[in-house]
Amino acid sequence: MNPVNYLYLAALLFTIGATGVLIRRNAIVLFMCIELMLNACNLALVAFSRMHGNLDGQIVAFFTMVVAAAEVVVGLAIIVSLFRSRHSASVDDASLMKL
Amino acid sequence: MIALLIAAPLLGAAVLLVGGRRLDAVGHWIGTLLASASFVIGLVLFADLLGREAEQRTVVQHLFSWIPVAGFQADVAFRLDQLSMTFVLLITGVGSLIHVYSIGYMEHDERRRRFFGYLNLFLAAMLLLVLADNYLLLYFGWEGVGLASYLLIGFWQHKPSAATAAKKAFLVNRVGDMGLSIAIMLMFLTFGSFAFEPVLSQVGDTSEGRLTAIGLMLLLAACGKSAQVPLQSWLGDAMEGPTPVSALIHAATMVTAGVYLIVRSGAIFNAAPDAQLAVTVVGAVTLLFGAVVGCAKDDIKKALAASTMSQIGYMMLAAGLGPLGYVFAIMHLVTHGFFKAGLFLGAGSVMHGMNDEVDMRKYGGLRRYMPVTFVTFGLGYLAIIGFPGLSGFFSKDKIIEAAFAKGGTEGWILGGVALLGAAVTAFYMTRVMLMTFFGEERWRDRAEASGQAAATPHESPGVMTIPMIVLAVGSVFGGAFFSIGDRFLHWLEPVTGHSEGHPPVGAWAVTAATVVCLLIGVAVAWAQYGRRPVPAVAPRGSLLTRAARRDLFQDDFNHVVLVRGGEHLTRSLVYVDHTLVDGVVNGAAASVGGLSGRMRRLQNGFARSYAVSMFGGAALLVAATLLMRAV
Amino acid sequence: MTAQLAAYSTSTGEAVQFWILGTLAVLGALCTVFLKKAVHSALCLAGTMIVLAVFYLANGAYFLGIVQIVVYTGAIMMLFLFVVMLVGVTAADSLKETIKGQRWLALLCGLGFGILLFAGIGHASLKDFEGIGRANANGNVEGLASLIFTRYVFAFELTGVLLITAAVGAMVLTHRQRIGRARTQRELAEQRVREGKHLPPLPAPGVYARHNAVDIAGLLPDGTPSELTVNKTLRERGQIRDVSAEALNDLRALEQRAEERLERTAIEAATFKRPEEASK
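Residues numbered from 1 in each chain as written. Chains lettered and ligands numbered in written order. Predicted model: local features only at pLDDT ≥ 70, side-chain atom pairs only at ≥ 80, totals over all residues. Heavy atoms only, no water.

- Chain A has the name NADH-quinone oxidoreductase subunit K in an unreviewed UniProt entry, where Streptomyces thermoalcalitolerans is given as its organism.

As for the overall build of chain B
(1) Moving on: From N to C terminus, chain B includes 25 helices and two strands.
(2) Moving on: Sorting the 631 residues of chain B into buried and exposed places 54% on the buried side.
(3) Moving on: Taking the intrachain contacts of chain B between residues at least 6 apart in sequence as the baseline, contacts between residues at least 24 apart amount to 80%.
(4) Moving on: Counting only carbon and sulfur atoms, one obtains 67% of the accessible surface of chain B, whose full area is about 25600 Å². (Helix = DSSP H or I, 4+ residues; strand = E, 2+ residues; numbered from the N terminus. Buried < 20%, exposed > 50% of the residue type's maximum accessible area, 1.4 Å probe, protein only. Contact = heavy atoms within 4.5 Å. Areas by Shrake-Rupley, 256 points an atom, 1.4 Å probe, with all protein chains shown as cover.)

Digging into the pairing of strand β1 (residues 59-69) of chain B
Residue and element names in this part refer to chain B.
(1) Moving on: Looking at chain direction, β1 and strand β2 (residues 72-80) are connected through nine bridges and run antiparallel. Each residue of the ladder has a partner; that of valine 60, found in β2, is arginine 79.
(2) Moving on: Following β1, the chain reverses through two residues before pairing antiparallel with β2; glycine 71 in that reversal takes a positive phi of roughly 80°. (Pairing = 2+ DSSP bridges.)

Focus on the packing of helix α3 (residues 38-58) of chain C against helix α4 (residues 62-87) of chain C
Residue and element names in this part refer to chain C.
(1) Moving on: At a minimum axis separation of 8 Å, α3 and α4 run at an interaxial angle of 175°. Judged by the angle between their axes, α3 and α4 are roughly antiparallel. Judged by residue contacts, Ala38, Val39, Ala42, Leu45, Ala46, Met49, Ile50, Leu52, Ala53, Tyr56 and Leu57 of α3 engage Tyr62, Leu64, Gly65, Gln68, Ile69, Tyr72, Thr73, Met77, Leu81 and Val84 from α4.
(2) Moving on: Considered class by class, the residues forming the contact of α3 with α4 number 18 nonpolar, three polar and no charged. (Axes fitted to C-alpha atoms, helices over the stretch in contact; angles between N-to-C directions. Parallel < 35°, antiparallel > 145°, perpendicular 65-115°, else oblique. Nonpolar A, V, L, I, M, F, W, Y, C, P; charged D, E, K, R; others polar.)

Some words on the pattern of salt bridges
Residues and elements named next belong to chain B.
(1) Moving on: Applying the stated rule across the entire model yields 21 salt bridges over all chains.
(2) Moving on: The salt bridge partner of lysine 168 is aspartate 237, with a shortest N-O separation of 2.5 Å. Of this pair, lysine 168 sits in helix α6 (residues 160-191) while aspartate 237 sits in helix α9 (residues 233-237), and the two are 69 residues apart along the sequence.
(3) Moving on: Overlapping salt bridges bring together Arg79, Asp81, Asp133, Glu197 and Arg264 as one network. (Salt bridge = Lys/Arg side-chain N within 4 Å of Asp/Glu carboxyl O.)

Brief notes about the packing of aromatic side chains
(1) Moving on: If you walk through the whole model with that rule in mind, you get 32 aromatic pairs over all chains.
(2) Moving on: Considering the side-chain rings of Phe404(B) and Trp412(B), the 5.5 Å spacing of their centres and the 75° angle between planes classify their relative orientation as edge-to-face.
(3) Moving on: Judged by its relative accessible area of 47%, Trp412(B) is partly exposed.
(4) Moving on: Members of the aromatic cluster, joined through ring pairs, are Tyr6(A), Phe18(C), Trp19(C) and Phe55(C).
(5) Moving on: Positioned above the aromatic ring of Phe170(B), the side-chain terminus of Arg174(B) is 5.2 Å from the ring centre.
(6) Moving on: Positioned above the aromatic ring of Phe481(B) is the side chain of Arg487(B), whose terminal nitrogen or guanidinium carbon lies 4.5 Å from the ring centre. (Phe/Tyr/Trp six-rings, centres within 6.5 Å; stacked < 30°, edge-to-face > 60°. Lys NZ or Arg CZ within 6 Å of the ring centre and 35° of its normal.)

Things to note about a nonpolar patch on the surface
(1) Moving on: Residues Tyr575(B), Val576(B), Leu580(B), Val581(B), Val584(B) and Val585(B) make up a contiguous nonpolar surface patch of roughly 590 Å² in combined accessible area.
(2) Moving on: For Val576(B), a relative accessible area of 38% gives the class partly exposed. (Patch = residues over 30% accessible without salt bridge, like charges linked within 9 Å, V, L, I, M, F, W, Y side chains within 5 Å.)

Notes on the packing of helix α15 (residues 326-353) of chain B against helix α16 (residues 371-385) of chain B
All names here are of chain B.
(1) Moving on: Direction vectors running N to C along α15 and α16 enclose 145°, while the axes themselves pass 9 Å from each other. Our pair here, α15 against α16, has a crossing hand that is left-handed. Listed contacts from α16 to Phe339, Lys340, Leu343, Gly346, Ala347, Ser349 and Val350 of α15 are Thr373, Phe377, Gly380, Tyr381, Ala383 and Ile384.
(2) Moving on: A breakdown of the residues in the contact of α15 with α16 according to their chemical character gives eight nonpolar, four polar and one charged. (Left-handed = near helix turned anticlockwise from the far one by under 90°.)

Overview of helix α11 (residues 257-264) of chain B
(1) Moving on: Counting buried positions along α11(B) yields eight of eight residues, so the element is predominantly enclosed.
(2) Moving on: All of the buried residues along α11(B) are Ala257(B), Gly258(B), Val259(B), Tyr260(B), Leu261(B), Ile262(B), Val263(B) and Arg264(B).

Points about the UniProt feature "transmembrane region" (unreviewed entry) in chain A
All names here are of chain A.
(1) Moving on: Per the UniProt record, "transmembrane region" (unreviewed entry) is annotated on residues 6-23, 28-48 and 60-83.
(2) Moving on: Summarising residues 28-48: 100% helix, 0% strand, and an end-to-end C-alpha distance of 30 Å.
(3) Moving on: Within the segment residues 60-83, helix and strand shares are 100% and 0% respectively, and the terminal C-alpha atoms sit 34 Å apart. (UniProt positions renumbered as here; feature names shortened; annotations may be inferred.)

Some thoughts on the side chain of Ser41(C)
(1) Moving on: Among the structural elements, Ser41(C) can be located in helix α3.
(2) Moving on: Classification of Ser41(C) as buried rests on a relative accessible area of 0%.
(3) Moving on: Leave out the neighbours within four places in its chain, and Ser41(C) touches Arg24(A), Val29(A), Met32(A), Cys31(C), Thr32(C) and Leu35(C).

Comments concerning the interface of chain C and chain A
(1) Moving on: Counting from both sides, the interface comprises 88 residues of chain C and, opposite them, 67 residues of chain A.
(2) Moving on: Between chain C and chain A, roughly 7300 Å² of surface is buried when both sides are summed, and carbon and sulfur atoms account for 75% of that area.
(3) Moving on: Measuring nitrogen to oxygen at the nearest pair gives 3.2 Å for the salt bridge that ties Arg151(C) to Asp56(A).
(4) Moving on: Put simply, chain C and chain A have 14 residue pairs in polar contact (both at pLDDT 80 or more) between them.
(5) Moving on: Looking at the side of chain C that touches chain A residue by residue, the class counts come to 56 nonpolar, 22 polar and ten charged. (Buried area = accessible area lost by both parts, 1.4 Å probe. Polar contact = N/O pair within 3.5 Å; in protein donor to acceptor, adjacent residues only side chain to side chain.)

Concerning helix α2 (residues 27-50) of chain B
All names here are of chain B.
(1) Moving on: Over its 24 residues, α2 extends 35 Å from the first C-alpha to the last, a length consistent with the 34 Å expected when each residue adds 1.5 Å.
(2) Moving on: For α2, the set of buried residues is Gly27, His28, Gly31, Thr32, Leu34, Ala35, Ser38, Ile41, Gly42, Leu45 and Leu49.
(3) Moving on: On its buried face, α2 is in contact with α1 (2-19), β1, β2, α3 (82-105), α4 (112-131) and α21 (487-496). (Expected span 1.5 Å × (residues − 1).)

Points about the side chain of Asn136(C)
(1) Moving on: Here Asn136(C) is to be found in the loop between α5 (102-123) and α6 (140-148).
(2) Moving on: For Asn136(C), the side chain forms a polar contact with the main-chain oxygen of Gly60(C), separated by 2.8 Å.
(3) Moving on: Separated by 3.0 Å, the side chains of Asn136(C) and Asn140(C) make a polar contact.
(4) Moving on: Excluding residues within four positions of it along the chain, Asn136(C) makes contact with Leu55(A), Gly60(C) and Tyr62(C).

Examining unusual backbone geometry
Residue and element names in this part refer to chain B.
(1) Moving on: In the segment running from valine 229 into proline 230, the intervening peptide bond is cis, with an omega of 10°.
(2) Moving on: As for its position among the elements, proline 230 is in the loop between α8 (208-226) and α9.
(3) Moving on: Not every positive phi belongs to a glycine, and asparagine 355 is a case in point at roughly 60°.
(4) Moving on: Looking at where asparagine 355 falls in the secondary structure, it is placed in the loop between α15 and α16.
(5) Moving on: The class for asparagine 355 is exposed, based on a relative accessible area of 62%.
(6) Moving on: The backbone of aspartate 356 shows a phi angle near 60°, a positive value even though the residue is not glycine.
(7) Moving on: Inspection of the secondary structure assignment puts aspartate 356 in the loop between α15 and α16.

If you want it as structure tokens, here you go:
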């Protein structure tokens, strides 16, 4: 099997995640989709690492995980405070920034 | 020394206008004193000039640099030569007399101090006008006399008619002032300067078209200031001002500024025959216009104002004849200054004695009650109609001669018009004379009709009669004094130049024709007003009379052509502005607004919508990257 | 199998594993996106992540594979579940689209983006397949460590800063400042007396002791459910189960049986309906 298939899988997962971000309204699910996209990237990085025979790709994937963790922490905190003030986790309800 | 001439009345104006009420008691004396001081200085300067050779009688005094900019030098400099000297003496002399007269005339007016302040201001501005060494400074004086005229016409501003007349005079003068300012700009463009010396000496190197344009603009200015057709409408209404003002400003001095301007710019007109012809035409038309209007007016001051217009028409006609007539224009200007001022002062005296009644149909037989006024007015009357031997005869006769001397058909037409004008002048002045001083005492009827005891007219006090007497002396002997031995001609010739004309008929024939015309005019007037009683209410009169009573429809003409035309013009401009200009502007704004209204929908506040745009953008970026790699 | 081919391919076992687990991963991702409830989405995502962890291990990224399971699936996904629990089920869970054209645009963009990505990968020239063997010669973790603490040490320090900032940020965002003093029991009681309503405790949920679930409203004497008996949160979410009709029908059946036994004539045979429904 050609290891490029991992890349195709990563691309597919990324696209599914991105589409999910656009379709779902629940902020939590939306976040999950973002995580899915990040994971797809990680998969691609790991595959690259293997193809090129060095560990730099894995390092980048590692950093991605750290950043994703930080992002989830802050994002979920935002969702919780948003829910407190609006009693809703829908991203469409936070649509005051318009004319 | 020259600056002192102007400084004296200017100081008077400043002191009187700034000084306030505490000067009320002595204000008129201060004003009169400073005006007389100016006259005395003028006399000293005159003596100084007389003591010099004819060629060295031009004194230029450079005071300071007014607007020094590279390529644009405006100086405050005065030029005293024979021409301006003549004006200085006329202005300060007549001015001082009228100051004295005003002491009596304005005695009961609580704002007398202010009146004298304005009079001094006028003197200063008028002196600045005639003494200026460049057109810009002349313009300053020109506007100054306009301001003083406005203030004095509207001096009794509590009367709506006076306030309106002041506004009218100011507005009509503005038209002329535009002409002067354009002329100055053209001069600067053409000659790079507006001082008299460089402008008038470079005339020879300039195209005739440009000179004609400058000349016509100067003529427009002169028309405005001197009440010539077509800017004549303000002078009649200007009689709303106090009578001394009418005598000084609207008869003797300010209204002749136009003649001064044209004579001063003689070099330009000499080189632009078309402009010169326009001047003669304007003069001739105004001459007849004023004379016709003068025949129909029952208001004594308005009749005199129409006469002023007509006499200035004579001067313009003469000034338009070029070197043939410049000297005579100025000579008539000076003699006219004497007798017309005297006539106005006489009219003022009559009004003073008749409780400010101005309608001549309510006068009559006043010669018994106001002998001094009668005699001085009568002498002025004889002078203006050109009775042989009096000053008007000498100056007017010369103008008629010069008109004939122009030669050709033009000469005959102009001479004929001038002769006709002389006849009509004799008619209407005789009419004024007869209606005022002869005939029945119609004022008595009126007083009885209103159930009051008739107030007997009384002679005016000494301060008023003495100036009248002095002016009458001037009117009688001025012309003879100037003409015998051609004194005035020799005095003025170095400045204006002079060429002797060759009239197609002999000078004696012209004089004889003039005298005949004058006798005809007097006879007709006698037939109409002397032999028959004057009706107290004006009869309907002929079509011409009615037209003349309405000033030959000058106001109607202005109203229909200028006011209505202006209204239509502005209305159509407003329409164009609303539909076309605003349409374009509003249309552009509306389309931008509409477009942004549509675009605004994109900004719907939904984060997911933005995410779609972002994702689409990312897709495009990927596509672009791939495309670039493929290429 | 030539060396050239070996460079481009992997073992058959890995191929089998890829096709089975890859299918699972895609299915999990699709379920994450399209399942209605957030809890289900989270579970599907966790599944996908575990599959990915297996792929990491297969690609020789042993450390990342373990971290993926422990940190991602174990910690982050659990965090998600906690938040889902806190926030609860809301109307946002509906899959009905509210923005006009959003769904079609999203699908179009997704499709286009996917096709482009696939085209890009297909186009890319990946000639040098090294294999991770040499890089992992000294052990995967040791290799990573030597890189992290040498070449990437600065970035590593920065991630520390980032994590601390994120932790502080999360605390700040979720911390609620108490503005006034908390009211005591006594004060609350006094307020209730002053307002004059609900002096006694709120009625309990449940119907005639047949149900004691918190989401079932108690019935008033006329058979209508009383909302007061249900918890406020459930009320707001609209998660009240209404069993009044059933309960009354049960009662009716009971009475009928009793009558039959006592041989009384039936007055009315129709099933009982709630007053509102009857009036419709």
